[in-house]
Amino acid sequence: MLFRSCGKTASTSFTGSTKHELSLHGNVKPLQLAANGSSRLAYRSLVLKNQWNLSASSSSANAVTTFDDDEVVPSSVSDEKIGVLLLNLGGPETLDDVQPFLFNLFADPDIIRLPRLFRFLQRPLAKLISTFRAPKSKEGYASIGGGSPLRKITDEQANALKIALEKKNLNANIYVGMRYWYPFTEEAIDQIKKDKITKLVVLPLYPQYSISTSGSSIRVLQDIVKEDSYFSGLPISIIESWYQRDGYVKSMADLIEKELSAFSNPEEVMIFFSAHGVPLTYVEDAGDPYRDQMEDCIALIMGELRSRGILNSYTLAYQSRVGPVQWLKPYTDEVLVELGQKGVKSLLAVPVR
Ligand SMILES: C=CC1=C(C)c2cc3[nH]c(cc4nc(cc5[nH]c(cc1n2)c(C)c5CCC(=O)O)C(CCC(=O)O)=C4C)c(C)c3C=C
Ligand SMILES: [Fe+2]
């Protein structure tokens, strides 16, 4: 089986192709917290209703902040100090970091979702699972050079975003906040406060929303905002998901088109979308929109490819399952075997998360 991988993230093109997303003008409403702090979905809709004078001020899970071109006010002529907080997962930088990184991950109640009554077990369980998982995890990180590249990539994205905004005459401080490793979200939050930022845009670097990724990072912010008078008075705008943005869809299609052309028989190649999974209960019991957004995302990318006359067959499968519970199906390892059995000879692997 011929195998190529389409490995670039599309975030850089996303920032470059988005028009005036950070125009800061009009009626600014500070973010307020949902009365029912325990409901993550209630919080999400409330956040969207409180964004600044948004053209997309609905409570749709897909809403993003957009402004009309003529609303752009160069930040240099206002007193505003704009901050953009990029949220990401974080990853161990060395093999010694792996177990403590895994501990942080499994201690997150949005990752290991215990019933409230059993929450006191969260940290002992995290210790146990992280110790048990660490050797397998270390093997993986050793095979990619001994650590995660995520911090470097995220810093590069932050620099690219800074430059793209400057080209639009928007001067913003960019912050990186990781959920499970350095630089932690809490460090970024401290810096934002020190810098006396007056408006904050929060951009999780996950194209699709999941309770376990963007949801978890936003919950950390929610907890801080609740307790801190500076943050509770700060206008905050959250971009929940951006897989549906034209810039993202087109840049993914560009990458796929380019990689397909490197095969000797491009039209015979199966496009294999590979996504990180979540346990099935997230979607079926907790209402995680992740699977729907992922399917929507693939449909948009394939629609763009079809409009360019690229008619290849494609499939979506989920990887990275951990533990004994059922995760989103189909599983990547099983689908690969099936495709081989069906006689598929060439595959273009496209990571979509
Ligand atoms: C056990 C639960 C996990 C859930 C739920 C989960 C969701 C989820 N994760 C990502 C993206 C990434 N995960 C990464 C590593 C990673 N994830 C888990 C577990 C869950 N993820 C573990 C145990 C690990 C560590 C590696 C391993 O042992 O397999 C990473 C890599 C980070 C890095 O080091 O660079 C990413 C990225 C998404 C998108 C997601 C839900 C949609
Ligand atoms: Fe993960």
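Residues numbered from 1 in each chain as written. Chains lettered and ligands numbered in written order. Predicted model: local features only at pLDDT ≥ 70, side-chain atom pairs only at ≥ 80, totals over all residues. Heavy atoms only, no water.

Enquirer: Run through unusual backbone geometry, naming residues and quoting values.
Expert: The omega angle of the peptide bond from Tyr182 to Pro183 is -10 degrees, so this bond is cis rather than trans. Structurally, Pro183 is set in the loop between strand E3 (172-178) and helix H6 (185-194). With a phi close to 55 degrees, Lys196 is a non-glycine residue in the positive phi region. Secondary-structure assignment places Lys196 in the loop between H6 and strand E4 (199-204). The exposure class assigned to Lys196 is exposed, which follows from its relative accessible area of 60%. Of note in the backbone geometry, Ser320 takes a positive phi value of approximately 70 degrees without being a glycine. Note on placement: Ser320 falls in the loop between strand E7 (314-319) and helix H12 (332-341). Judged by its relative accessible area of 34%, Ser320 falls in the partly exposed class. (Helix = DSSP H or I, 4+ residues; strand = E, 2+ residues; numbered from the N terminus. Buried < 20%, exposed > 50% of the residue type's maximum accessible area, 1.4 Å probe, protein only.)

Enquirer: Give me the pattern of salt bridges: which residues, what numbers.
Expert: Under the definition given, this model contains 16 salt bridges. For Arg308, the salt bridge is made with Glu304, and the minimal N-O distance between the two is 2.9 Å. Through salt bridges with shared partners, one network takes in Asp108, Asp110, Arg179, Arg219, Asp223 and Lys226. (Salt bridge = Lys/Arg side-chain N within 4 Å of Asp/Glu carboxyl O.)

Enquirer: Any chance you could break down the site of ligand 1 for me, citing the residues and the numbers?
Expert: Near ligand 1, the surroundings consist of 26 residues, among which Arg133, Ser137, Tyr141, Ser148 and His276 are the closest. In this structure, an oxygen atom belonging to ligand 1 sits 2.8 Å away from a side-chain N or O atom of Arg133. Surface burial for ligand 1 is 88%, taken as the share of its 800 Å² of free accessible area covered by protein chains. Among the elements of the structure, helix H3 (98-106), helix H4 (122-143) and helix H7 (211-227) are those that each provide at least two residues to the shell around ligand 1. For the shell around ligand 1, the leading source of residues is H3, giving four residues. Grouping the constituent residues of the shell around ligand 1 by class yields 15 nonpolar, nine polar and two charged. (Near = heavy atom within 4 Å. Polar contact = N/O pair within 3.5 Å; in protein donor to acceptor, adjacent residues only side chain to side chain. Areas by Shrake-Rupley, 256 points an atom, 1.4 Å probe, with all protein chains shown as cover. Nonpolar A, V, L, I, M, F, W, Y, C, P; charged D, E, K, R; others polar.)

By themselves, these figures tell us nothing about what the structure is for.
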